[in-house]
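Breakdown of the fold
For reference, the chains in residue letters:
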Amino acid sequence: MKLCVIGTGYVGLVGAAIFSDWGNEVIGVDKDASKIERIKAGDMPIYEPGLSEIVLNNIKENRLTFTTSVADGIKDAEIVFVCVGTPQSETGAADLSAVWEVAEEIGKNLTGYKVIVTKSTVPVGTNEKVKTIIRANAKEGMEFDVASNPEFLREGSSVDDMKVPDRTVVGTETAKALEVMTRLYTHLGKPIVACDLRSAEMIKYASNGFLATKITFINEMAQLCERAGADVCTVAKGMGLDRRVGPAFLNAGIGYGGSCFPKDVAALYKTSTDQDYDFSLLRGVMEVNKAQKDHFVFKVTRLLGKNLSGKTLAVLGLAFKGDTDDIRESVSIEIVKLLRGMGAKLKVYDPEAMDNAKKVLGDVSVEYCKSSYETMEGADALFILTEWKEFSGIDLEKVKSLLKEPIIFDGRNMLDKEAVQKSGYTYFAIGKRTNGVEKIDSRKSDQRSAFLTNGNGH
Ligand code: UGA
């Protein structure tokens with residue numbers, strides 16, 4: 001099939017690459033010419049395992065080309081995918097200006113029947129408006145259909161997610177559009193949820209909203225486990241083995257971040273109030289997620305005090321999650337800023353996100369290290385803030401020889417509590433009580449002496 005993909009961000013670039021890998025002829029469109037030149041040279045604007053090989057191979061096979069012109073891109077395409085950004089606006093709603101702009105251009109340049117598919121995450125009703133805009137800009141009598149085909153890719157594993165999706169959601173208004181879309185995806189042998197436009201748009205938000213809620217539930221359970229002396233990892237395991245619950249997205253941590261969950265939960269909540277409904281559960285999710293990092297920082301101040309000047313803290317992980325260089329809405333970055341604000345000097349390391357982190361953190365009180373171990377040299381405590389697999393394999397004896405004090409704050413439960421405590425560390429994890437440390441109530445502000453049973457936290 002001949003396809004056009006407008007936008008070469010995460011969704012667009014991965015989409016264009018995989019569609020072409022399936023044997024389709026794909027033209028990727030982006031108005032940023034320098035970005036296209038980088039992609040063609042194999043220098044991907046995003047870190048995504050396996051992506052550059054697929055892109056380069058399909059460029060070589062002449063199945064994947066790029067242009068800056070929407071008109072050239074859509075001319076011969078049977079399907080046009082809109083994959084532009086929909087960032088959060090000040091009201092919490094998605095900012096759809098890029099979608100409207102592209103719809104207008106598609107309308108102006110339409111030369112024959114096509115299915116115009118929105119892949120970007122867009123609130124309910126958007127596709128109908130896209131149709132109206134295209135209609136208003138297209139030549140009289142021009143035939144086209146719109147479709148909603150939301151993406152469920154996770155950053156860091158988007159190539160595999162696209163190749164082996166759990167399901168494909170296709171919202172259409174006509175049998176013709178559904179036939180075209182089915183032809184593209186049927187070879188995957190995975191369920192195709194064929195539905196109306198509004199339900200397809202809603203499925204995307206419902207999925208992200210539910211996953212954010214699942215994480216938030218386990219994060220609140222973690223608060224309870226810490227206070228009640230249970231272990232949240234064991235609780236999650238016990239819950240997750242129930243097939244109705246499932247084990248995924250039950251890792252307690254410092255809160256969810258990234259370019260999707262925070263904005264999508266806010267946008268879904270905004271949709272609810274726009275429909276005169278207060279989706280109070282989502283309000284709770286947003287509130288609890290924000291508080292989760294504060295609870296974590298509270299533990300730090302309980303042990304080290306609120307004034308951290310003179311302290312050097314080692315930080316592993318700056319990306320919003322493992323396997324990505326993305327720091328958008330990264331809770332790790334927020335925690336680094338909070339610790340710096342309290343006077344600490346930070347030595348930081350992330351396997352992929354260093355360049356992006358430098359842009360937002362700058363040089364003041366932050367030293368960028370070349371390895372995990374370099375951060376620890378002479379540091380007063382170690383922080384693990386992103387779930388990169390390699391952090392779980394750190395050599396505890398070596399870490400102890402490098403740190404000034406054997407203290408670890410593990411915001412992602414990456415280490416084995418028994419092993420760490422046996423090695424003589426004071427270990428603060430999420431949803432597990434630290435040995436020798438009394439129950440903490442992070443809502444009360446001045447409990448330092450009550451918090452530490454023997455005065456030093458060990
Ligand atoms: C998320 C969804 O998982 C994708 O299905 C969706 O397509 C994508 O948003 C999107 O809308 O584009 P992504 O933002 O890449 O994908 O990242 P996730 O793997 O979902 O992680 C999101 C955040 O939740 C991260 O900060 C991660 O650390 C956190 N998380 C995840 C937890 O704290 N605990 C968990 O158990 C899982």
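What comes next concerns the included structure. Every value quoted in this text rests on a predicted model; they were computed, and no experiment measured them.

Comments concerning empty space enclosed by the protein
The final tally for this structure, using the stated rule, is three cavities of 30 Å³ or more. Taken together, Ala222, Gln223, Glu226, Gln292, His295, Phe296, Lys299, Ile430 and Gly431 form the lining of the second largest cavity. Of all elements in the fold, only helix H9 (197-228) and helix H12 (280-304) reach the threshold of two or more residues within the lining of the second largest cavity. Broken down by element, the lining of the second largest cavity gets its largest block of residues, four residues, from H12.

Looking at the sheet that holds strand S6 (residues 145-148)
Strands sit in the order S3-S2-S1-S4-S5-S6-S7-S8 across an open sheet of eight strands; the sheet is mixed. Sheet topology places strand S3 (64-67) and strand S8 (192-195) at the edges, where each strand pairs with a single neighbour. Each neighbouring strand pair of the sheet contributes to a mean axis angle of 25°, computed without reference to strand direction. Where S6 lies against strand S7 (residues 168-172), two bridges are found, and the strand directions are antiparallel. If you follow serine 148 over to S7, its bridge partner there is glycine 171. Contacts from helix H5 (residues 97-109) reach strand S1 (2-6), strand S4 (79-82) and strand S5 (115-118) within the one sheet, and its direction differs from that of S4 by about 160°. The sheet strands contacting helix H6 (residues 126-137) are S5 and S6, and the helix crosses S6 at an angle near 155°.

As for the packing of helix H11 (residues 261-274) against H12
Running from N to C, H11 and H12 cross one another at 150°; their axes reach a closest spacing of 9 Å. The orientation of H11 relative to H12 falls into the category roughly antiparallel. The chirality of how H11 crosses H12 is left-handed. Here Val265, Ala266, Leu268 and Tyr269 of H11 lie close against H12, whose contacting residues are Leu282, Arg283, Val285 and Met286.

Rules behind the numbers
- Residues numbered from 1 in each chain as written.
- Predicted model: local features only at pLDDT ≥ 70, side-chain atom pairs only at ≥ 80, totals over all residues.
- Heavy atoms only, no water.
- 1 Å grid on protein atoms, 1.4 Å probe; cavity = no way out; pocket = protein on both sides within 12 Å on 5 of 7 lines; lining within 4 Å.
- Points joined across faces, edges and corners; volume = space filled by probe spheres on them.
- Helix = DSSP H or I, 4+ residues; strand = E, 2+ residues; numbered from the N terminus.
- Pairing = 2+ DSSP bridges.
- Axes fitted to C-alpha atoms, helices over the stretch in contact; angles between N-to-C directions.
- Contact = heavy atoms within 4.5 Å.
- Parallel < 35°, antiparallel > 145°, perpendicular 65-115°, else oblique.
- Left-handed = near helix turned anticlockwise from the far one by under 90°.

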